[in-house]
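Notes for the structure review
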Amino acid sequence: MSRLLVFLVLLSAGVLAFYFRALSTRPSSTADPLGLQSVLQDWHIFYHLGGYSPWIRHHTSTSSSLPPQCVVDQVHMLSRHAERYPTLSVGIKMKSMITKLKAAGTPVFPFLESWEEFFEVDENGKSTDLEELTREGRYAGVRQAYNTGVTLRERYDHLVDNGDDGENKTFSIFSCSCSRVLHTAENFALGFFREDELFANVRHVIVPDVAPERGADTLTPVKACIRYRQDTEAGRKRGSALLEQFQSVYLSRVAARLRQQFGYDFSVSDLWHMQELCGFEILATGNEESPWCGIFTEREWEEFAYARDLLHYYRSGPGTPYSAVMGFLYLNATREVLELGPEKAGKLFFSFAHDGDIVPLVGTLGLFPEVEPLPYTYVPDNRNWKLSSVVPMGGRVVFERVSCVSKTSTSNLGVRILVNDGVVPVPGCESETRDGGICPLDVFVKLVDQKGEAVGEFDEVCGLKDGLGKRPSFLRQDWEQGPGRLHL
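In this text, all values refer to a predicted model and were calculated from it rather than measured experimentally.

**Topic: the overall build of the protein chain**
Scanning the protein chain for helices and strands turns up 16 helices and nine strands. Taking all 488 residues of the protein chain together, 59% fall into the buried category. Accessible surface for the protein chain amounts to roughly 20400 Å². Of this, 48% is attributable to carbon and sulfur atoms.

Following this line, the structure appears as structure tokens:
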């Protein structure tokens, strides 16, 4: 089948132009173009951009190698969308700030005289760039998503059923309905299934971002939990409120330093948007020498990263009482499929959403725990909750079901968790093997069940109507509809 026909099977005519533009300059596969996987001690700004960096590996002390007698027989991935432009509201604020700096007589920063903006916004506040995946440069989101598919195909090639028995196998991938997320999913699928043209058999199950009638049957629990969004004290808004408090602490110091250096009174919001511009210029253009990055010291970048940690921690992480029940939805649905196993349920499950939907999962699992809630007036000397390398653009949490053959020829089943290719031990699993961080499947199931008892029911915690607290139902391969987009 020709590539054009493959595209026509899955993509509508309106999306084709997007992909042909993106794929026309697609580079060869590279999951780690900076060689960051080998960076253990050296300071690198990508690890201090608070989620506004290209994909980077999460470093852990646990070996990523499986014992020789073990093999992965099922995979579940929940991934953030690939590299994107700023959101519309942030982009408009950035443009306003840049215009103000340029209009201050002689531009405040000399580089502004020749610096070119990397996104467009018209006079009506409309933009074809903002909110979407980046399309150009070394870290273009459309390329990175594709390359991630290629990389994971190499890793899990043994799980792909090529349909050698003559039967056309259909593969389901899952995403929420946000444009940049569904484009990430489809570019990933093209990279993962491209070699044998199995892309033509991909079924893209699209779950609405906001669908009150679906309740907990969602990939975006932060939008389904009504009380979480309405509670101004302990819900979603708490993260932004505490972020503002910390911004005023560290950025006031930065403003004083830069005032002395450049003779200009920078506001806290000016400085925040300048730090954001550093990451987004890299994402949009590939320019790792963005002049916005060099304005700030290494310590100030560490404070920026902590500010983003605070935002996530109190907005959708352990700092809000709604986090655990929101993260439990995907965790429990995954646990059920892990128990069923590859023969009954399938081997490959790839899902795509936002960083705000991954953070609750991280918190529910108990990864990167803090003894005390994060302070919002200073950066603690030591902390586990560092999300720059957990939810960068394209950040992913992977659950591998592992089958190990013992000396008695019996098969032992286990689960291990990878965060951006770094193996993270399962909290509470005392019987993990030293090699590979494998937790026995039965122990993992008990741990998840215990978490379910502790977090409560989604509909009760979130204030949903009766009957809307059901678990996600779409995470399966046995859909009757064939290849193409399936909007739920």
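Here the narrative resumes.
**Examining helix H3 (residues 88-102)**
For H3, spanning 15 residues, the distance from its first C-alpha to its last is 21 Å, which sits close to the expected 21 Å at 1.5 Å a residue. Taken as a whole, H3 has its buried residues at Val 90, Gly 91, Met 94, Met 97, Ile 98 and Leu 101. End-on view of H3: buried residues confined to an arc of 125°, all on one side of the axis.

**Remarks on the environment of Tyr 146**
With respect to the helices and strands, the residue Tyr 146 is situated in helix H4 (residues 141-156). Separated by 43 residues in sequence, Tyr 146 and Ala 189 place their C-alpha atoms 7.3 Å apart. Within the structure, the side chain of Tyr 146 is placed 2.6 Å from the side chain of Arg 194, a separation counted as a polar contact.

**Comments concerning the nonpolar core**
In terms of nonpolar packing, the biggest core is built from 146 residues, with Phe 109, Trp 292, Phe 399 and Phe 458 touching the most fellow members. With residues up to four places along the chain from it excluded, the contact list for Phe 458 reads Ala 216, Pro 221, Ala 224, Cys 225, Val 325, Met 326, Leu 329, Gly 463, Leu 464 and Gly 469. If you look at the next biggest cluster of nonpolar residues, it comprises five residues, including Ala 82, Leu 133, Val 142 and Ala 145.

**A few points about the pairing of strand E6 (residues 411-419)**
Relative to E6, strand E5 (residues 396-405) is paired through nine bridges, and the arrangement is antiparallel. The partner of Arg 401 across the bridge, within E6, is Val 415. Across two bridges, E6 lies against strand E8 (residues 439-440) in antiparallel orientation. Of the residues in E8, the one forming a bridge with Val 415 is Cys 439. One ladder, built from three bridges, connects E6 with strand E7 (residues 422-424); its direction is antiparallel.

**Things to note about the state of the cysteines**
Scanning all chains against the criterion turns up four disulfides. Two residues share a disulfide in this structure: Cys 278 and Cys 293, whose sulfurs sit 2.0 Å from each other. As the torsion about the S-S bond is roughly 95°, the Cys 278-Cys 293 disulfide counts as right-handed. On the criterion of sequence distance, the pair formed by Cys 278 in helix H9 (residues 268-285) and Cys 293 in helix H10 (residues 291-294) is long-range, its members being 15 residues apart. Residue Cys 429 pairs covalently with Cys 439 via a disulfide, S to S 2.2 Å. Disulfide Cys 429-Cys 439: the torsion about the S-S bond is 100°, which places it as right-handed. Taken as a pair, Cys 429 in the loop between E7 and E8 and Cys 439 in strand E8 lie far apart in primary sequence, 10 residues in all.

**Regarding the packing of H4 against helix H5 (residues 179-193)**
Two elements in contact, H4 and H5, have axes separated by 7 Å at closest approach and are oriented at 40°. The pairing of H4 with H5 is recorded here as oblique in orientation. Relative to H5, the crossing made by H4 is right-handed. Counted together, Val 142, Ala 145, Tyr 146, Thr 148, Gly 149, Val 150, Leu 152 and Arg 153 of H4 and Thr 184, Asn 187, Phe 188, Leu 190, Gly 191, Phe 192 and Phe 193 of H5 form the full contact between these two elements. Looking at the contact of H4 with H5 residue by residue, the class counts come to nine nonpolar, five polar and one charged.

**Quick notes on the confidence of the model for the protein chain**
Averaged over all residues, the pLDDT of the protein chain equals 89, while 88% of them reach at least 70. Taken as a whole, residues 1-40 scores under 50 in pLDDT and shows 78 contacts with residues more than four places along the chain or in a different chain.

**Here we look at unusual backbone geometry**
Of note, Phe 368 is a non-glycine position whose phi angle comes to about 55°, a positive value. Relative to the elements of secondary structure, Phe 368 occurs in the loop between helix H14 (355-365) and E5. Exposure remark for Phe 368: the relative accessible area of 12% places this residue in the buried category. Notably, Asp 421 is not glycine yet its phi reads approximately 75°, a positive angle.

**Structural notes on the pattern of salt bridges**
Applying the stated criterion across every chain yields a total of 23 salt bridges. For Glu 117, the salt bridge is made with Lys 95, and the minimal N-O distance between the two is 3.0 Å. Separated by 22 residues along the polypeptide, Glu 117 in the loop between H3 and H4 and Lys 95 in helix H3 bring together distant segments of the chain. You can call Lys 95 partly exposed: its relative accessible area is 25%.

**As for the packing of H3 against H9**
Across the interface, H3 lies against H9 with an axial gap of 10 Å and an inter-helix angle of 110°. Between H3 and H9, the angle is such that the two are roughly perpendicular. In the crossing of H3 with H9, the sense of the turn from one axis to the other is left-handed. Residues Val 90, Lys 93, Met 94, Met 97, Ile 98 and Lys 100 of H3 lie in contact with H9, whose contacting residues are Asp 270, His 273, Met 274, Glu 276, Leu 277 and Phe 280. A per-class count over the contact of H3 with H9 returns seven nonpolar, one polar and four charged.

**A closer look at the environment of Pro 208**
Its location among the elements puts Pro 208 in the loop between strand E3 (202-207) and helix H6 (221-224). Accessibility expressed as a relative area gives 16% for Pro 208, which makes it buried. Residues Pro 208 and Cys 176, spaced 32 residues apart in sequence, show a C-alpha to C-alpha distance of 5.5 Å. Leave out the neighbours within four places in its chain, and Pro 208 touches Ser 177, Arg 214, Thr 218, Thr 220 and Leu 488.

Parameters at a glance
- Residues numbered from 1 in each chain as written.
- Predicted model: local features only at pLDDT ≥ 70, side-chain atom pairs only at ≥ 80, totals over all residues.
- Heavy atoms only, no water.
- Helix = DSSP H or I, 4+ residues; strand = E, 2+ residues; numbered from the N terminus.
- Buried < 20%, exposed > 50% of the residue type's maximum accessible area, 1.4 Å probe, protein only.
- Areas by Shrake-Rupley, 256 points an atom, 1.4 Å probe, with all protein chains shown as cover.
- Expected span 1.5 Å × (residues − 1).
- Arc of directions from axis to C-beta.
- Polar contact = N/O pair within 3.5 Å; in protein donor to acceptor, adjacent residues only side chain to side chain.
- Core = buried A, V, L, I, M, F, W, Y, C linked by side-chain atoms within 4.5 Å.
- Contact = heavy atoms within 4.5 Å.
- Pairing = 2+ DSSP bridges.
- Disulfide = S-S within 2.5 Å.
- Axes fitted to C-alpha atoms, helices over the stretch in contact; angles between N-to-C directions.
- Parallel < 35°, antiparallel > 145°, perpendicular 65-115°, else oblique.
- Left-handed = near helix turned anticlockwise from the far one by under 90°.
- Nonpolar A, V, L, I, M, F, W, Y, C, P; charged D, E, K, R; others polar.
- pLDDT = per-residue confidence, 0-100.
- Salt bridge = Lys/Arg side-chain N within 4 Å of Asp/Glu carboxyl O.

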